[in-house]
Number of protein chains: 2
Amino acid sequence: MNVTKALNIMKEQGFKYTAKREELLQLFSDEKRYLTAKEVLNSLQKNYPGMSVDTVYRNLAIFEEMDILEMTELEGEMHFRFSCSTTAHHHHLICLECGKTREIETCPMDWLNENVDGGFEVTGHKFEIYGMCAECKRTKQKEAAHV
Amino acid sequence: MNVTKALNIMKEQGFKYTAKREELLQLFSDEKRYLTAKEVLNSLQKNYPGMSVDTVYRNLAIFEEMDILEMTELEGEMHFRFSCSTTAHHHHLICLECGKTREIETCPMDWLNENVDGGFEVTGHKFEIYGMCAECKRTKQKEAAHV
DNA sequence: AAAACAATTAGGAATCGTTACGATTTATTG
DNA sequence: CAATAAATCGTAACGATTCCTAATTGTTTT
């Protein structure tokens, strides 16, 4: 996903162009990681001091419906990121420090689908691996050394 | 897990016995499914009208720390259930209608652990399959027929 | 380019789940 | 049964999210 493509999808779906929407998309293009609504708000308020929370949540929601953003819930908060370029279904390694992710191609449902049924109708699943990325680990170690 | 065993663990850890705690445990023993804090509160308030939310959340938290209860976050809310009898690591099929679960023995991490690393330190993972159980599906179909 | 229209926004209030608090009550120990 | 520490109530505070209305803005039409 990229900003231009996202803006096109937006137009096609009948949504209006606004500078704020473009900047929001640009933010996700720059930060390739999960962001909270608050982080988005804080970032956009640098250029648009009066920006309201409502605007952020509303736009995050519509972009998610258009599959421009991916959403997941981490530690009780909604987190958003630009949809991965790979159209194929996939999962993520998620760094809980910085929100950066790495894709995993394999999906556990491939193995399980067959054994599951028995009347249970599967409507979705969540597979996420949490931890700390190499970079954050280094940062932490440095901090610890200075104590 | 069962009520007696849970009460013993509680004692061993230096927590006091209270009738409310026993009843809370009994509730989870009866309802073998994920319950929200609110559902727990409502249920206990039948016998203890003045029961406070604080008491519910505090006890849910301590029972989870003692591994008497399992916690997961579904649709933005904490959900609790009696820990499964199988001590082995496992995952769940979860009915989003009624909260009932079915265990899955296989864990996708068994396959992935080897390929993951690259400096990423795995601290946890979540694998849950969502849907509707056979029973809820029947109920829904009946409802639909009456419209 | 101006008017008309619908979508978007700001600002703040409302809601929901959860946590925090001081005063009171209760379970446990000796 | 008295002393002590833990548990509880009732309520206030909190943070994330949603909802509301009047004002603003982007787009379309003329």
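Residues numbered from 1 in each chain as written. Chains lettered and ligands numbered in written order. Predicted model: local features only at pLDDT ≥ 70, side-chain atom pairs only at ≥ 80, totals over all residues. Heavy atoms only, no water.

S.K.: How would you explain the relation of the copies chain B and chain A if you had to name every residue and give the values?
M.R.: When chain B is fitted to chain A, the best match, at an RMSD of 0.1 Å, comes from turning it 180° and sliding it 0.0 Å along the axis. Interpreted geometrically, this transformation is the action of a two-fold axis. Among all residues of chain B, the minimum C-alpha distance to the rotation axis is found for B:Phe127, at 2.2 Å. The overlap is high: 100% of the interface residues of chain B also sit at the interface in chain A, so the same surface is used on both sides. (Least-squares fit on C-alpha atoms with pLDDT ≥ 70 in both. Contact = heavy atoms within 4.5 Å.)

S.K.: Break down the packing of helix H2 (residues 19-30) of chain A against helix H3 (residues 37-45) of chain A for me, with residues and values.
M.R.: Residue and element names in this part refer to chain A. Orientation of H2 relative to H3, taken along the N-to-C sense of each, is 120°, at an axis distance of 10 Å. Looking at the two axes, H2 sits oblique to H3. For the pair H2 and H3, the sense of crossing is right-handed. In this structure, H2 contributes Lys 20, Glu 23, Leu 24, Leu 27 and Phe 28 to the contact, and H3 contributes Val 40, Ser 43 and Leu 44. (Axes fitted to C-alpha atoms, helices over the stretch in contact; angles between N-to-C directions. Helix = DSSP H or I, 4+ residues; strand = E, 2+ residues; numbered from the N terminus. Parallel < 35°, antiparallel > 145°, perpendicular 65-115°, else oblique. Left-handed = near helix turned anticlockwise from the far one by under 90°.)

S.K.: So what about the protein's contact with DNA strand D? Which residues, and what values?
M.R.: Near DNA strand D lie 23 residues; those nearest to it are A:Asp54, A:Tyr57, B:Lys20, B:Thr55 and B:Arg58. Sugar and phosphate atoms represent 66% of those atoms of DNA strand D found within 4 Å of the protein. At 3.2 Å, a side-chain N or O of A:Lys16 approaches a base nitrogen of DNA strand D. At a separation of 2.7 Å, a phosphate oxygen of DNA strand D approaches a polar side-chain atom of B:Arg58. Only H3, helix H4 (53-65) and strand S3 (77-82) of chain A together with helix H2 (19-30) and helix H4 (53-65) of chain B provide two or more residues apiece to the surface near DNA strand D. By residue number, the principal contributor to the surface near DNA strand D is H4(B), which donates 5 residues. Residue composition of the surface near DNA strand D, grouped by class: 8 nonpolar, 5 polar and 10 charged. (Near = heavy atom within 4 Å. Polar contact = N/O pair within 3.5 Å; in protein donor to acceptor, adjacent residues only side chain to side chain. Nonpolar A, V, L, I, M, F, W, Y, C, P; charged D, E, K, R; others polar.)

S.K.: How would you sum up the protein's contact with DNA strand C? Please name residues and give values.
M.R.: Taken together, 21 residues sit near DNA strand C, with A:Lys20, A:Arg21, A:Thr55, A:Arg58 and B:Tyr57 positioned nearest. Among atoms of DNA strand C positioned within 4 Å of the protein, sugar and phosphate together represent 66%. One nitrogen or oxygen atom from the side chain of A:Thr18 is found 3.2 Å from a phosphate oxygen belonging to DNA strand C. Between DNA strand C and B:Tyr17 there is a distance of 3.1 Å, counted from a sugar or linking oxygen to a backbone nitrogen or oxygen. Breaking the surface near DNA strand C down by element, the ones donating at least two residues are H2 and H4 of chain A together with H4 and strand S3 (77-82) of chain B. The element that contributes the greatest number of residues to the surface near DNA strand C is H4(A), accounting for 4 residues.

S.K.: Give me the domain arrangement of chain A: which residues, what numbers.
M.R.: Residues and elements named next belong to chain A. One can read the domain layout of chain A as domain 1 (1-85) and domain 2 (87-147). A straight line from the C-alpha centre of domain 1 to that of domain 2 covers 22 Å. Of the roughly 890 Å² buried where domain 1 meets domain 2, counting both sides, 49% is carbon and sulfur surface. By the criterion of area lost to domain 2, the three top residues of domain 1 are Tyr 34, Leu 74 and Cys 84, representing 43% of everything that side buries. At the boundary of domain 1 with domain 2, the tally comes to 0 salt bridges. Between domain 1 and domain 2 we count 6 residue pairs in polar contact (both at pLDDT 80 or more) in total. Looking at the side of domain 1 that touches domain 2 element by element, the count peaks at 4 residues for strand S2 (residues 69-74). Broken down by class, the residue content of the side of domain 1 that touches domain 2 amounts to 3 nonpolar, 2 polar and 6 charged. (Domains from an automatic or database assignment. Buried area = accessible area lost by both parts, 1.4 Å probe. Salt bridge = Lys/Arg side-chain N within 4 Å of Asp/Glu carboxyl O.)

S.K.: Break down the sheet that holds strand S4 (residues 91-95) of chain B for me, with residues and values.
M.R.: Spatially, S5(A)-S4(A)-S6(A)-S6(B)-S4(B)-S5(B) is the arrangement adopted by the 6 strands of the open sheet, whose pairing is mixed. The open sheet is flanked by strand S5 (101-104) of chain A together with strand S5 (101-104) of chain B, the only strands paired with a single partner. This sheet shows a mean twist of 25° between the axes of neighbouring strands, independent of strand direction. The pairing of strand S4 (residues 91-95) of chain A with S5(A) spans 4 bridges and is classified as antiparallel. (Pairing = 2+ DSSP bridges.)

S.K.: Let's hear about H3(A): which residues, and what values?
M.R.: Residue and element names in this part refer to chain A. Of the positions making up H3, those classed as buried are Ala 37, Val 40, Leu 41 and Leu 44. An end-on view of H3 places all buried positions within 100° of arc, on one side of the element. As for H3, its buried residues are in contact with H2, strand S1 (35-36), H4 and S3. (Buried < 20%, exposed > 50% of the residue type's maximum accessible area, 1.4 Å probe, protein only. Arc of directions from axis to C-beta.)

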